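The residues making up each chain are set out below.
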Amino acid sequence: MTDIALLRCPFERCDAATLRTEVVHEVDALPFEWDELVGDRSLIHQRHYLEALERCPPPRTRLVLALAWDGPLLRAAAVFHLVELRVGELGRTAAESSWPVRAFLRTMGTLGLGTPHMLLCGNVLHSDASGLVCSGVENPAALLHSMTETVRHQARVPVRLVVCTAPDVGPHHIDLPGLGYHRVSTAQPTMRLDIPPEWTSWADYLAAMRTKYRQRAKSARKRGKALVRTRLTADEIIEKADVIDGLLAPVLERAEVVLAPITATSLAALQRQLGDEMQLVLYVHDDQPVGFAVSLRHSGELDAMVVGLDDACNRDLKLYQNILYDYVEHAIHTGASTVAFGRCALEIKSTVGASPHHFDVFVRHPRWLAHTVLGGVLRWLTADQWTPRSPFKIA
């Protein structure tokens, strides 16, 4: 999946202001033009993926789809999530931020009627996924804003925060502040590892490393030699739901941002719909489950979607390191060109070769006064400091 979801088109470009936005609440109601426009580039826009999210959505979320029409021609397709905002359950950033941030979140969660919601363009399970695919549009930022407003007005719930990211509109993200969005440049980067075509085996990966990191990888593999790995089917995920949810719980407690905690039920629904595009591997030691790792593969990219682990076993078995190495080895064996590692545990991911990819987040409160206050509050947000590592030999 490319970072910029703007497609080349052979026909004349149009102005966003002339387009008609249609909001769709059921995947079955999507026209065939949706599939033609999104093609095979983005997993989160694929019909079978959307059907899984619709059937078993992450807790407190609702999927909303939007289309922008130029007469009979579909120019844009967008995926949105409405997320119920529970101020005490938004992750470590919300809980440990400075007092202005915590005060604003508490106020946002208590003022007004109804449960507050966030409207996110993109996907709650993939923080770096672009939510908008468009073709032949002169001003994608204006189109995104127009589609977002249409979805917000039809949401039938109080939307207190609108969120989109730079990849949604590619280089046109510079136009979003002029449309009333605050830029957040302190968001953690997403970590990605490009797999060179000459890597055809684990040995090739190790050979590309500097001695220190090669020895570290070998040591981790030795410590984790007793781990038994089993790929689970959808039915087996359901059978072991309590185990999977239990392994995921401590990871969510440490997470910087939690928009919607995924569950074993949602993972089973995805596995049933995606088939070979997804795998959940359970890690067992001495007949006890100690961890699991989920990956999605689509269009040459392996997405390290979510990990759960037993903290008590992590250090002795180098469990988390072994999971990261397994992602790399799986990517090599399946011919993936990129591994997307997500936006947490940045330093250890850099030790396996991942590099940071920064992009800005853009937020807006629909009410003018609250939006003005939000701009001041965002200045109190700070990014965690970490040290990038360089495990590979310099070519």
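Residues numbered from 1 in each chain as written. Predicted model: local features only at pLDDT ≥ 70, side-chain atom pairs only at ≥ 80, totals over all residues. Heavy atoms only, no water.

## Some words on a nonpolar patch on the surface
The test is simple: In this analysis, a patch consists of residues with relative accessible area above 30% that form no salt bridge, clustered at 9 Å for like charges and at 5 Å for the nonpolar side chains Val, Leu, Ile, Met, Phe, Trp and Tyr. To measure how exposed things are, a 1.4 Å probe is used in the Shrake-Rupley method; for residues, cover is taken only from the protein chains shown. Salt bridges are counted wherever a side-chain nitrogen of Lys or Arg sits within 4 Å of a carboxyl oxygen of Asp or Glu. Helix and strand assignments follow DSSP, with helices taken as H or I runs no shorter than four residues and strands as E runs no shorter than two, numbered in order from the N terminus. Only protein chains enter the accessibility calculation, which uses a 1.4 Å probe; a residue whose area is less than 20% of its type maximum is buried, one above 50% is exposed, and one in between is partly exposed.
A grouping of Trp368, Leu369 and Val373 is seen on the molecular surface, where their side chains present a nonpolar patch of about 380 Å² in accessible area. As for its position among the elements, tryptophan 368 is in helix 14 (residues 368-378). A residue is classified by how much of its surface remains accessible, and tryptophan 368, at 67% relative accessible area, is exposed.

## Points about unusual backbone geometry
Even without glycine at this site, arginine 156 takes up a positive phi of about 65 degrees. With respect to the secondary-structure elements, arginine 156 resides in the loop between helix 5 (140-153) and strand 7 (159-165). Even without being glycine, lysine 318 reaches a positive phi, approximately 50 degrees. Using a relative accessible area of 28% as the deciding quantity, one classes lysine 318 as partly exposed.

## Some remarks on helix 9 (residues 241-254)
Inclusion rule: Each helix should span, by expectation, one fewer than its residue count multiplied by 1.5 Å. Note that bend, as reported per residue, equals the angle between axes fitted to the 7 residues terminating at that residue and the 7 residues originating from it. Contact criterion: two residues are considered in contact whenever any of their non-hydrogen atoms come within 4.5 Å of each other.
Here helix 9 spans 21 Å end to end across 14 residues, near enough to the 20 Å set by a 1.5 Å rise per residue. Of all bends in helix 9, the biggest is about 25 degrees, found at leucine 248, and the proline proline 250 comes one to four residues later. All buried positions along helix 9 are accounted for by Ala241, Ile244, Leu247 and Leu248. Residues of helix 9 that are buried in the fold lie against strand 10 (228-232), helix 8 (234-239), helix 10 (264-274), strand 11 (278-285), strand 12 (288-298) and strand 13 (301-309).

## What about the confidence of the model for the protein chain?
This is how the line gets drawn: pLDDT: the predictor's confidence for each residue, scored from 0 to 100.
Per-residue confidence for the protein chain gives a mean pLDDT of 87; residues scoring 70 or more make up 88%. Low pLDDT (under 50) marks residues 1-12, which in the prediction has 35 contacts with non-local residues, meaning those over four places away or in another chain.

## Section: the environment of glutamine 271
Tracing the sequence through the fold places glutamine 271 in helix 10. Placed 36 residues apart in sequence, glutamine 271 and aspartate 235 show a C-alpha to C-alpha distance of 9.2 Å. Apart from residues no more than four positions distant in its own chain, glutamine 271 is found in contact with Arg231, Leu232, Thr233, Ala234, Ile237, Met278, Gln279 and Leu280.

## Here's the deal with the sheet that holds strand 11
Here is the rule we go by: At least two DSSP bridges between two strands are needed for those strands to be called paired. Fitted lines through C-alpha atoms give the axes, limited to the stretch in contact for helices. The angle between two N-to-C directions lies from 0 to 180 degrees.
The sheet built from seven strands is open, its strands ordered 10-11-12-13-14-9-15 with mixed pairing. Strands with a single pairing partner mark the edges of an open sheet, and in this sheet they are strand 10 and strand 15 (355-357). This sheet shows a mean twist of 30 degrees between the axes of neighbouring strands, independent of strand direction. Contacting strand 10, strand 11, strand 12 and strand 13, helix 9 runs over the sheet at an angle of about 95 degrees to strand 13.

## What to know about the pattern of salt bridges
Applying the stated criterion across every chain, the model contains 11 salt bridges. Where aspartate 70 meets arginine 75, a salt bridge forms, and the shortest distance between an N and an O atom there is 3.0 Å. Taking the relative accessible area as the measure of exposure, arginine 75 reaches 4% and is therefore buried. Among the salt bridges present, the one from arginine 221 reaches glutamate 329, with a minimum N-O distance of 2.9 Å. A residue pair is termed long-range when its members are at least 10 positions apart, and arginine 221 in helix 7 (residues 211-223) and glutamate 329 in helix 12 (residues 319-334) qualify at 108 residues. Taking the relative accessible area as the measure of exposure, glutamate 329 reaches 21% and is therefore partly exposed.

## What to know about the side chain of threonine 21
Residue placement: threonine 21 occurs in strand 2 (residues 20-24). When near neighbours in sequence (up to four residues on either side) are disregarded, threonine 21 contacts Ala66, Leu67, Ala68, Ser146, Met147 and Thr150.

## What about the packing of aromatic side chains?
Applicable threshold: Pairing of aromatic side chains requires ring centres within 6.5 Å, counting the rings of Phe and Tyr and the six-membered ring of Trp. Pairs whose planes differ by under 30 degrees are stacked, by over 60 edge-to-face, and all others tilted. Two conditions define a charge sitting above a ring: the NZ of Lys or the CZ of Arg must be within 6 Å of the ring centre, and it must be within 35 degrees of the ring normal.
Across all of its chains, the model carries seven aromatic pairs by this definition. Measuring from centroid to centroid gives 5.4 Å for tryptophan 199 and phenylalanine 392, while their planes differ by 55 degrees, and the two rings are tilted. In this pair, tryptophan 199 is assigned in the loop between strand 9 (190-194) and helix 6 (202-207) and phenylalanine 392 in the segment after helix 14, connecting sequence segments 193 residues apart. Using a relative accessible area of 9% as the deciding quantity, one classes tryptophan 199 as buried. Members of the aromatic cluster, each reached through a chain of ring pairs, are Trp199, Trp202, Tyr205, Tyr325 and Phe392. The ring of tryptophan 202 has arginine 221 sitting right over it, with the charged end atom 4.7 Å from the ring centre. The cationic tip of arginine 364 hangs over the ring face of tyrosine 181; the distance from NZ or CZ to the ring centre is 5.2 Å.

## Regarding the pairing of strand 7
Consecutive residues of a regular strand have side chains that alternate between opposite faces of the sheet. Counting buried positions along strand 7 yields seven of seven residues, so the element is predominantly enclosed. Pairing between strand 5 (residues 117-121) and strand 7: four bridges, direction parallel. Note on strand 7: the bridge partner recorded for leucine 120 is valine 163.

## Points about the pairing of strand 16 (residues 361-364)
Here strand 16 shows a buried face lined by Val361 and Val363 and a second buried face lined by Phe362 and Arg364. As defined by bridge partners, strand 7 adjoins strand 16 across four bridges and the pair is classed as antiparallel. For threonine 165, the partnering residue across the bridge sits in strand 16 and is valine 361.

## Here we look at the packing of helix 7 against helix 12
When two helices pack together, their arrangement is captured by the angle between the axes and the distance separating the axes. The criterion, for reference: Any angle that is under 35 degrees is reported as roughly parallel, and any over 145 degrees as roughly antiparallel; angles of 65 to 115 degrees are reported as roughly perpendicular and all others as oblique. Amino acids are sorted into nonpolar (Ala, Val, Leu, Ile, Met, Phe, Trp, Tyr, Cys and Pro), charged (Asp, Glu, Lys and Arg) and polar (every other residue, Gly among them).
With their axes 9 Å apart at the nearest point, helix 7 and helix 12 run at an angle of 105 degrees to one another. By the angle between their axes, helix 7 is roughly perpendicular relative to helix 12. Residues Tyr213, Arg216, Ala217, Ala220 and Arg221 of helix 7 lie in contact with helix 12, whose contacting residues are Gln321, Asn322, Tyr325, Asp326 and Glu329. When the residues that make up the contact of helix 7 with helix 12 are grouped by side-chain class, the tally is four nonpolar, two polar and four charged.

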